[in-house]
Structure formats: C-alpha cells, structure tokens
Amino acid sequence: NAGVMQNPRHLVRRRGQEARLRCSPMKGHSHVYWYRQLPEEGLKFMVYLQKENIIDESGMPKERFSAEFPKEGPSILRIQQVVRGDSAAYFCASLDTRDTQYFGPGTRLTVL
Amino acid sequence: QQQVKQSPQSLIVQKGGISIINCAYENTAFDYFPWYQQFPGKGPALLIAIRPDVSEKKEGRFTISFNKSAKQFSLHIMDSQPGDSATYFCAAINKGGSEKLVFGKGTKLTVNP
C-alpha cells in the first residue's frame with residue numbers, strides 16, 4: 001500500500017511566481033491536512049480538506065494561498081505571487097479510519 | 001500564543017542512556033497526544049500516542065507519561081541508540097474539532113555511539 005505521495009519534492013520559484021504543490025493521500029483516505037514547517041520550527045496547520053470540501057482553513061494565510069481536493073486527482077496547495085517568507089517545507093497528511101494522520105515526504109519550496 | 005510548549009530544544013545522550021523530552025499544553029479541550037519522529041528530509045512519522053485517561057503508555061523502548069492535572073506529558077526513550085537520532089515533536093489534538101495537530105517546536109536528539 002503506497003504511502004502519502006507529494007510532488008514535487010523540491011520546488012524553486014522566483015518572487016512573484018506561482019507555486020503548486022500536489023498531494024495524493026493513501027489509498028482509501030479521503031481526508032487531507034496541509035502543514036507548513038519553517039526552518040527550526042514545528043509544523044503549523046494550514047488547512048483540512050475532504051473530497052470537494054474545505055473543512056477547516058483557519059491556518060491559511062488570508063491572501064495568496066488556496067487549497068483544493070477535487071473528486072478526482074490529488075489535493076493541490078496553491079501559492080500565488082510567492083515571497084521569500086513562503087520558503088518552507090510543506091507537508092500533507094492523510095487520515096485513516098482510526099484517526100491517525102500519515103505524513104508525506106514533503107515539498108521543500110525555495111523562493112529566490 | 002504557543003499552545004504546546006516543548007523542551008529541551010536539543011538533547012545529546014550517550015548510547016544506552018535515557019532520553020527525556022517534555023511537553024506542556026494549555027488547551028483543556030485537547031484529548032489525544034501523539035509523538036512524531038522526523039529524520040532529515042523526511043516527513044514526520046507517528047511514534048506513539050496517548051489519551052488523557054491513561055497515565056502511561058509503553059511501546060518497546062518508548063514510553064509516554066501523562067499528567068492531566070499538570071497538563072504535561074513526556075516521552076522517555078530507554079536504551080537510546082544512534083539510530084534514534086532525529087527530531088521529535090509532541091502534538092495535541094482536539095478530537096471534537098477538526099482534529100488538526102498542534103505541534104510543539106521539536107527536540108533535536110543526538111545519540112552518541
């Protein structure tokens with residue numbers, strides 16, 4: 001059973017460009033969480049999605065950030081007009097029926 | 001406001017020693033407390049977890065101690081090994097909410113051979 005998959009693993013963008021991060025949950029999981037990890041910091045919750053629904057986006061910055069989890073395909077975290085402060089590792093986690101979150105390997109975003 | 005406070009920030013232990021990491025929380029709505037282990041370049045992996053109706057949980061060399069009245073919990077790694085060298089995060093969840101994980105800032109553990 002494949003684990004949570006994220007791509008790309010590394011992403012380099014220049015200021016002002018858009019970043020798209022993809023997450024495919026474990027087979028059979030329909031709940032996805034996104035977290036951001038700044039250097040030397042713990043992970044911070046961003047958004048919680050079910051298929052076609054945003055359940056909790058209380059951790060998402062109000063501007064430039066959006067997330068979706070369509071009926072078909074991976075969950076997408078989109079960052080528009082990236083700034084240097086967006087440089088971080090972004091992790092997604094999928095939730096199993098026993099309420100355990102399994103994390104993917106992360107996407108390391110670097111903004112030049 | 002940091003809801004889960006973790007200490008120490010870093011820890012160096014000799015092989016065979018005991019590693020102890022402490023966490024404290026503020027929100028009494030938290031009702032599930034997992035610990036995650038993260039190696040460089042990898043995602044966090046669930047290590048062990050405890051519910052507040054239990055004061056201690058042991059899995060192999062890893063033990064969680066939980067003090068509900070003090071709102072504190074700790075991870076003990078017995079007979080620490082160099083392969084245990086990683087960053088450890090405590091976390092808390094309110095299962096009555098969206099079940100988002102609230103993480104501590106992490107402890108970087110180094111076990112010397």
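Look a little higher up for the structure.
On a predicted model such as this, the values are computed, not experimentally measured, just so you know. (Residues numbered from 1 in each chain as written. Chains lettered and ligands numbered in written order. Predicted model: local features only at pLDDT ≥ 70, side-chain atom pairs only at ≥ 80, totals over all residues. Heavy atoms only, no water.)

Caption draft 1: Looking closely at the overall build of chain A. What chain A contains, in helices and strands, is zero helices and eleven strands. Walking chain A from its N terminus toward its C terminus, one meets helices and strands in the order β-β-β-β-β-β-β-β-β-β-β. The C-alpha atoms of chain A give 13 Å as radius of gyration, which agrees with the globular expectation for 112 residues (13 Å, within 12%). With the C-alpha coordinates aligned to their principal axes, the bounding extent of chain A is approximately 40 × 25 × 25 Å. (Helix = DSSP H or I, 4+ residues; strand = E, 2+ residues; numbered from the N terminus. Rg over C-alpha atoms; globule rule 2.2 N^0.38 Å.)

Caption draft 2: View of the interface of chain A and chain B. Listed as interface residues are 19 residues of chain A and, on the opposing side, 16 residues of chain B. Contact between chain A and chain B buries roughly 1,500 Å² in total, counting both sides, with carbon and sulfur atoms accounting for 50%. On the surface where chain A and chain B come into contact, there are one salt bridge. For B:Lys100, the salt bridge is made with A:Asp56, and the minimal N-O distance between the two is 3.7 Å. Applying the counting rule to chain A against chain B returns six residue pairs in polar contact (both at pLDDT 80 or more). Elements represented by at least two residues in the side of chain A that touches chain B include exactly strand E4 (31-37), strand E5 (43-50) and strand E10 (101-103) of chain A. Residue composition of the side of chain A that touches chain B, grouped by class: eight nonpolar, six polar and five charged. (Contact = heavy atoms within 4.5 Å. Buried area = accessible area lost by both parts, 1.4 Å probe. Salt bridge = Lys/Arg side-chain N within 4 Å of Asp/Glu carboxyl O. Polar contact = N/O pair within 3.5 Å; in protein donor to acceptor, adjacent residues only side chain to side chain. Nonpolar A, V, L, I, M, F, W, Y, C, P; charged D, E, K, R; others polar.)

Caption draft 3: Structural view of the packing of aromatic side chains. One pass over the full model with this rule turns up 18 aromatic pairs over all chains. Aromatic pair B:Tyr25 and B:Phe33: ring centres 4.8 Å apart, planes at 45 degrees, arrangement tilted. Here B:Tyr25 matches B:Phe33 in class, with each residue buried. Judged by centre distance (6.1 Å) and plane angle (85 degrees), the rings of B:Phe89 and B:Phe103 are edge-to-face. Within this pair, whereas B:Phe89 is found in strand E9 (residues 86-92), its partner B:Phe103 is found in strand E10 (residues 102-103), the two being separated by 14 residues in sequence. Three or more aromatic residues joined by ring pairs form one cluster here, namely A:Tyr33, A:Tyr35, A:Phe45, A:Tyr48, A:Phe103, B:Tyr36, B:Phe89 and B:Phe103. Above the plane of the ring of B:Tyr32 lies B:Lys95, whose end atom (NZ or CZ) is 4.7 Å from the centre. (Phe/Tyr/Trp six-rings, centres within 6.5 Å; stacked < 30°, edge-to-face > 60°. Buried < 20%, exposed > 50% of the residue type's maximum accessible area, 1.4 Å probe, protein only. Lys NZ or Arg CZ within 6 Å of the ring centre and 35° of its normal.)

Caption draft 4: Summary view of the nonpolar core. Among the nonpolar cores identified, the biggest contains 25 residues, and B:Val4, B:Phe33, B:Trp35, B:Phe73, B:Leu75 and B:Tyr88 are the most heavily contacted of them. For this core, the secondary-structure elements that each account for two or more residues are strand E2 (10-14), strand E3 (19-25), strand E4 (33-38), strand E5 (45-50), strand E7 (62-67), strand E8 (72-77), E9 and strand E11 (107-112) of chain B. The leading source of residues in this core is E9(B), at four residues. Counting residues in each nonpolar core, the second largest holds 23 residues, with A:Leu21, A:Cys23, A:Ile79 and A:Cys92 among its members. (Core = buried A, V, L, I, M, F, W, Y, C linked by side-chain atoms within 4.5 Å.)

Caption draft 5: Structural detail: the sheet that holds strand E8 (residues 75-79) of chain A. Residue and element names in this part refer to chain A. In spatial order, the strands read E1-E3-E8-E7; together these four strands make up an open sheet with antiparallel pairing. Where the open sheet ends on each side, the last strands, each with one partner, are strand E1 (5-7) and strand E7 (65-68). Across the sheet, the mean angle separating the axes of adjacent strands is 15 degrees when strand polarity is ignored. In the sheet, E1 pairs with strand E3 (residues 19-24) via three bridges, with the strands oriented antiparallel. By the bridge assignment for E3, Asn7 is matched with Arg22. (Pairing = 2+ DSSP bridges. Axes fitted to C-alpha atoms, helices over the stretch in contact; angles between N-to-C directions.)

Caption draft 6: View of the pattern of salt bridges. A full pass over the atoms with the stated rule returns seven salt bridges over all chains. Between A:Glu18 and A:Arg78 there is a salt bridge, and its shortest N-O distance comes to 2.8 Å. Of this pair, A:Glu18 sits in the loop between strand E2 (10-13) and E3 while A:Arg78 is found in strand E8, placing the two residues 60 residues apart along the sequence. Residue A:Arg78 is classed as partly exposed on the basis of its relative accessible area, which comes to 27%. A salt bridge links B:Asp84 to B:Arg61, with the shortest nitrogen-to-oxygen separation between them at 2.8 Å. With B:Asp84 in the loop between E8 and E9 and B:Arg61 in the loop between strand E6 (56-59) and E7, this pair connects stretches of sequence that are 23 residues apart. According to the relative accessible area criterion, B:Arg61 is partly exposed, its value standing at 28%. One connected set of salt bridges, linked through shared partners, spans A:Glu18, A:Arg20 and A:Arg78.

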